[in-house]
Amino acid sequence: MQRTIPLTICLVAGLVMIVQFFIPHPVSVGLYSVSNNWMRIIASFALVLGAGSLIIHHTIRLQRRQKGWPYSIVTLVGLAVAAVLGLGWGLRTGRPEDIIYRNIQVPLGAAMFSILAFYMASASYRAFRARNKEATILLIAAFVVMLGSVPIGTTIWTKIPIISEWVLTVPNMAAKRAIGFGIALGSIATALKIILGIERGWLGGEK
Amino acid sequence: MNLMLSLLLLAAGMVQPPGVTPVVPQQADSIGQTQGSAPTAPPAAAAIAPPTNVRAVDTPNDGGKSITITWSPSPDKDVEFYEIQRAEVPAAGVFTSLDKVVGTERSYADGNTDDAKQYKYRVVALKGAGSGYAETGAARSYPQWFNFNLLNILICTVVVSFLILYFIYHARRGKEFFIRRIAGLDAVEESVGRATEMGKPIVFISGIGSAAQPSTISAMNILGEVAKKTAQYSTALIVPNSDPVVYTIAREMVKEAHTKVGRPDTYRADNVFFLTQEQFAYAAAVDGIMVREKPATIFMLGWFAAEALILAETGATTGAIQIAGTDAIYQLPFFITACDYTLIGEELYAASAYLSRQPLLIGSLVGQDYGKLVVLIAVLLASALYLLSAARGLSGLSVVWNWFSIG
């Protein structure tokens with residue numbers, strides 16, 4: 001019973017959503033909207049579990065004085081402050097929560113994002129070492145594409161931007177589309193396996 | 001039979017429902033010119049020939065509230081604009097301006113109609129100070145029960161689903177299928193063994209996707225298999241999550257795996273936890289875990305965005321074996337560059353079948369491969385038709401070619 005009910009709900013909901021995709025009638029659109037709302041409601045319940053997990057995890061780290069435990073204090077204080085300010089003064093523009101979001105969270109996120117530039121340099125170095133035939137082809141292709149994107153490429157040889165464009169739109173696009181076909185078919189197969197109850201990993205086990 | 005045909009045509013929006021006046025284009029017998037959206041009457045101005053074949057029909061394959069107006073160009077050359085005016089029926093004569101489109105346009109969709117009302121439209125050709133208009137008959141919008149524009153998707157889905165189900169059926173009857181080796185999945189056992197020997201933990205990152213995404217579902221299936229192995233060897237498995245729903249699934253997967261191998265006592269609830277839904281805050285937190293814990297193995301499986309390279313490069317600096325897999329095409333190059341093994345797109349979906357070796361799941365993989373064969377044939381056919389339709393006298397083939405497009 002513990003397995004049958006979720007599997008039945010999954011089967012019915014899956015089939016209804018497939019049929020809904022092909023029906024533009026407002027009844028069908030309304031059904032989709034209702035199911036989306038239900039997903040949000042369920043996700044909000046899970047968020048409570050998530051917040052609980054975060055608090056328990058960091059409390060245990062503090063109790064055990066695990067490596068890096070001071071960061072747990074920052075996390076727990078941050079969580080408490082954000083919750084109090086958000087619940088007490090709301091989330092609208094200019095409220096304390098919004099000020100913290102715009103002046104602390106957004107810049108911190110931007111700082112993390114900016115690290116990408118350095119990681120790209122190190123990843124490029126790793127990728128473009130001509131260790132074997134494939135890596136050499138990758139290096140040449142990347143070199144041509146990069147040259148084709150800057151004015152000096154045209155100065156060296158007017159055909160470089162054309163070759164660069166060809167690399168991007170022919171072999172590169174063909175590979176991307178091939179991966180895309182595989183992903184699309186894999187998605188259909190995964191959906192079918194879940195709807196029909198063949199794939200039950202999402203239930204927490206195979207039985 | 002006739003009834004069924006009528007219903008099909010009705011659903012497709014190719015005929016008007018009973019009670020609606022058929023649309024009859026009218027030629028203008030006077031000249032119309034409008035300003036703004038105020039009710040307009042045709043004033044006297046320099047006459048130009050009105051557009052012809054002006055028709056208003058319910059927009060097909062939609063949820064109602066839309067009427068499409070089509071016309072053939074005015075015989076007068078160089079019409080600058082066509083202005084679309086609307087009036088409710090029976091209050092005809094009070095037309096208000098809806099929009100103005102450039103002279104090369106031949107249709108306009110009025111997406112702001114009331115399905116309970118009927119409307120008439122005027123298409124006014126404008127050229128300098130001159131104008132001329134033609135009116136449509138009454139038309140009404142109504143919703144359809146099937147979107148025929150998606151028929152090609154329906155047929156393809158049915159064909160692929162049939163193939164998958166066919167091979168699952170044969171697998172159920174005991175037929176054995178061959179699946180090729182996937183290096184990244186073969187390395188799972190080795191990576192768990194390495195972590196056990198080194199006495200270091202394994203970090204499993206399931207990306208920032210939701211539980212509804214196939215890649216996240218596949219990641220959870222792999223997590224189940226990895227958790228079984230770590231439970232057997234009593235190796236620590238750390239699972240930081242960015243989605244609260246995924247967190248609850250991951251927790252159950254790991255707990256169940258420990259129970260299944262008879263080691264429920266080794267399950268540590270605080271090793272599977274929720275971090276944050278903020279993309280870069282999640283990346284920062286996971287980076288911190290990798291740097292502090294120095295794991296022997298890092299799995300990065302699921303859906304990733306810009307944080308993929310941040311995670312993969314940090315993981316590479318810790319010296320861990322990294323096994324990555326995603327269906328986010330733009331992140332694949334980063335994983336291929338920074339990780340030891342990368343599962344590309346569908347390989348990630350194949351993981352549960354590959355690791356569990358369950359016949360039914362393997363059957364679905366074979367079905368997928370035959371689906372790819374069908375897609376390959378369709379691509380070749382469509383490409384040939386496209387090339388042939390460019391030849392003289394074969395332009396009619398473009399109808400078949402267009403069938404492959406979505407919309």
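Quick note: structure is the one above.
Just so it is clear, the structure is predicted and the values come from calculations on it, not from any experiment.

Peer 1: What should I look at first to understand the overall build of chain B in this one?
Peer 2: The helix and strand inventory of chain B stands at 12 helices and 14 strands. Evaluated residue by residue, chain B yields a buried proportion of 49% over its 407 residues. When contacts within chain B are restricted to residue pairs at least 6 apart in sequence, those whose partners lie at least 24 apart make up 69%. Total accessible area on chain B stands at roughly 18,200 Å², and carbon and sulfur atoms take up 60% of it.

Peer 1: Is there a simple way to explain the overall build of chain A in this structure?
Peer 2: Broken down by element type, chain A carries 7 helices and 0 strands. Seen in sequence order, chain A has helices and strands lined up from the N terminus as α-α-α-α-α-α-α. Relative to its length of 207 residues, chain A is extended, with a C-alpha radius of gyration of 26 Å against a globular reference of 17 Å. Each principal axis of the C-alpha distribution contributes one length, and for chain A these read about 65 × 50 × 40 Å. Counting every position in chain A, which comprises 207 residues, the buried fraction comes to 27%. Long-range pairs, those at least 24 residues apart, make up 24% of the contacts in chain A between residues at least 6 apart in sequence. Carbon and sulfur atoms form 74% of the exposed surface of chain A, whose accessible area is close to 13,400 Å².

Peer 1: Would you mind going over the sheet that holds strand β6 (residues 107-110) of chain B with me for this structure?
Peer 2: One key point about sheets: their strands pair by backbone hydrogen bonds, in either a parallel or an antiparallel sense. Residues and elements named next belong to chain B. Judged by pairing direction, the sheet is antiparallel, and its 3 strands sit side by side in the order β2-β3-β6 without closing on themselves. Across the chains shown, the open sheet's two edge strands, defined by having one partner strand only, are β2 (52-58) and β6. Across the sheet, the axes of successive neighbouring strands diverge by a mean angle of 15 degrees, strand direction being ignored. Sheet topology places strand β3 (residues 67-72) next to β6; 4 bridges connect them, and they run antiparallel. Its bridge partner being in β6, Thr 70 is matched across the sheet by Ser 107.

Peer 1: Sorry if this is basic, but what is going on with helix α2 (residues 26-63) of chain A here?
Peer 2: Along an α-helix, a turn takes 3.6 residues, which lines up residues three or four apart on a common side. Taking 1.5 Å of rise per residue, 38 residues should cover 56 Å, and α2(A) covers 55 Å from first to last C-alpha, within 8% of that figure. Against the buried residues of α2(A) lie α1 (4-21) and α3 (69-89) of chain A together with α5 (244-260), β11 (272-274) and α6 (279-293) of chain B. Positioned one or two residues after α2(A), A:Arg65 has a phi angle of 50 degrees, which is positive.

Peer 1: Please clarify how unusual backbone geometry should be interpreted in this entry.
Peer 2: A negative phi angle characterises most non-glycine residues, just as the trans form characterises most peptide bonds. All names here are of chain B. Here the residue pair Val 89 and Pro 90 is connected by a cis peptide bond, since its omega of 20 degrees sits within 30 degrees of zero. The topology assignment puts Pro 90 in the loop between β4 (81-89) and β5 (95-102). Despite not being glycine, Ser 234 has its phi angle at roughly 55 degrees, a positive value. Tracing the sequence through the fold places Ser 234 in the loop between α4 (214-233) and β10 (237-241). Exposure remark for Ser 234: the relative accessible area of 45% places this residue in the partly exposed category. Phi is positive for Lys 294, close to 45 degrees, though the residue is something other than glycine. For Lys 294, the location among the structural elements is in the loop between α6 and β12 (297-303). For Lys 294, a relative accessible area of 38% puts it in the partly exposed group.

Peer 1: What exactly am I supposed to notice about the environment of A:Thr8 here?
Peer 2: All names here are of chain A. Inspection of the secondary structure puts Thr 8 in helix α1. Residue classification places Thr 8 among the partly exposed positions, given a relative accessible area of 40%. Sequence spacing of Thr 8 and Val 84 is 76 residues, and the spatial spacing of their C-alpha atoms is 41 Å.

Peer 1: Just checking my understanding: could you explain the pattern of salt bridges for this structure?
Peer 2: Enumeration over the complete set of coordinates arrives at 13 salt bridges over all chains. Across the pair B:Lys228 and B:Glu225 runs a salt bridge, and its minimum N-O distance is 3.6 Å. Note that B:Lys228 and B:Glu225 are positioned in helix α4 at a spacing of 3 residues, about one turn of the helix. The partner of B:Asp270 in a salt bridge is B:Arg268, with the nearest N and O atoms 3.5 Å apart. With a relative accessible area of 12%, B:Asp270 lands in the buried category. Through salt bridges that share partners, A:Arg64, B:Arg268 and B:Asp270 make up one connected network.

Peer 1: Sorry if this is basic, but what is going on with the packing of aromatic side chains here?
Peer 2: The way to describe two aromatic rings as a pair is by their centre distance and the angle between their planes. Residues and elements named next belong to chain B. What the rule picks out here adds up to 12 aromatic pairs over all chains. On the numbers, 4.7 Å between centres and 15 degrees between planes, the contact of Phe 167 with Tyr 370 is stacked. Of this pair, Phe 167 sits in helix α2 (residues 151-172) while Tyr 370 sits in helix α11 (residues 359-389), placing them 203 residues apart in sequence. The class for Phe 167 is buried, based on a relative accessible area of 9%.

Peer 1: Would you explain the sheet that holds β11(B) in this entry?
Peer 2: Residues and elements named next belong to chain B. In space, the 6 strands of this open sheet follow the order β11-β10-β9-β12-β13-β14, with parallel pairing throughout. Both edges of this open sheet fall to β11 and β14 (341-344), since each of them pairs with a single strand only. If you compare each strand with its neighbour and ignore which way they point, the axes differ by 15 degrees on average. Those strands touched by α5 are β9 (202-207), β10 and β11, and its axis lies near 170 degrees from that of β11.

Peer 1: Please explain the interface of chain A and chain B as it appears in this structure.
Peer 2: Accessible area lost upon the coming together of the parts is a frequently used measure of interface size. Taken together, the contact between chain A and chain B spans 60 residues of the former and 69 residues of the latter. Together chain A and chain B conceal approximately 5,600 Å² of surface at their shared face, both sides included; 71% is due to carbon and sulfur atoms. Three residues, A:Phe22, A:Met112 and A:Leu185, lead the burial of chain A against chain B; their summed loss comes to 12% of the area buried on that side. Taken together, chain A and chain B are joined by 1 salt bridge. Salt-bridge contacts for A:Arg64 lead to B:Asp270; the nearest nitrogen and oxygen are separated by 3.4 Å. On inspection of chain A and its partner chain B, the count reaches 11 residue pairs in polar contact (both at pLDDT 80 or more). Mapped onto the side of chain A that touches chain B, the elements with two or more residues apiece are α2, α4 (96-127) and α7 (160-195) of chain A.

Peer 1: Quick question: what am I supposed to make of the packing of α1(A) against α2(A) here?
Peer 2: For any two helices packed against each other, one specifies the crossing angle of their axes together with the interaxial distance. All names here are of chain A. α2 packs onto α1 with a crossing angle of 135 degrees between their chain directions and a minimal axis gap of 9 Å. In terms of orientation, α1 lies oblique with respect to α2. Regarding α1 and α2, the two cross each other, and that crossing is left-handed. Together, Val 16, Met 17 and Gln 20 of α1 and Ser 28, Val 29, Leu 31, Tyr 32 and Ser 35 of α2 make up the contact between the two elements. Among the residues making up the contact of α1 with α2, the classes are represented as 5 nonpolar, 3 polar and no charged.

What counts as what
- Residues numbered from 1 in each chain as written.
- Chains lettered and ligands numbered in written order.
- Predicted model: local features only at pLDDT ≥ 70, side-chain atom pairs only at ≥ 80, totals over all residues.
- Heavy atoms only, no water.
- Helix = DSSP H or I, 4+ residues; strand = E, 2+ residues; numbered from the N terminus.
- Buried < 20%, exposed > 50% of the residue type's maximum accessible area, 1.4 Å probe, protein only.
- Contact = heavy atoms within 4.5 Å.
- Areas by Shrake-Rupley, 256 points an atom, 1.4 Å probe, with all protein chains shown as cover.
- Rg over C-alpha atoms; globule rule 2.2 N^0.38 Å.
- Pairing = 2+ DSSP bridges.
- Axes fitted to C-alpha atoms, helices over the stretch in contact; angles between N-to-C directions.
- Expected span 1.5 Å × (residues − 1).
- Salt bridge = Lys/Arg side-chain N within 4 Å of Asp/Glu carboxyl O.
- Phe/Tyr/Trp six-rings, centres within 6.5 Å; stacked < 30°, edge-to-face > 60°.
- Buried area = accessible area lost by both parts, 1.4 Å probe.
- Polar contact = N/O pair within 3.5 Å; in protein donor to acceptor, adjacent residues only side chain to side chain.
- Parallel < 35°, antiparallel > 145°, perpendicular 65-115°, else oblique.
- Left-handed = near helix turned anticlockwise from the far one by under 90°.
- Nonpolar A, V, L, I, M, F, W, Y, C, P; charged D, E, K, R; others polar.

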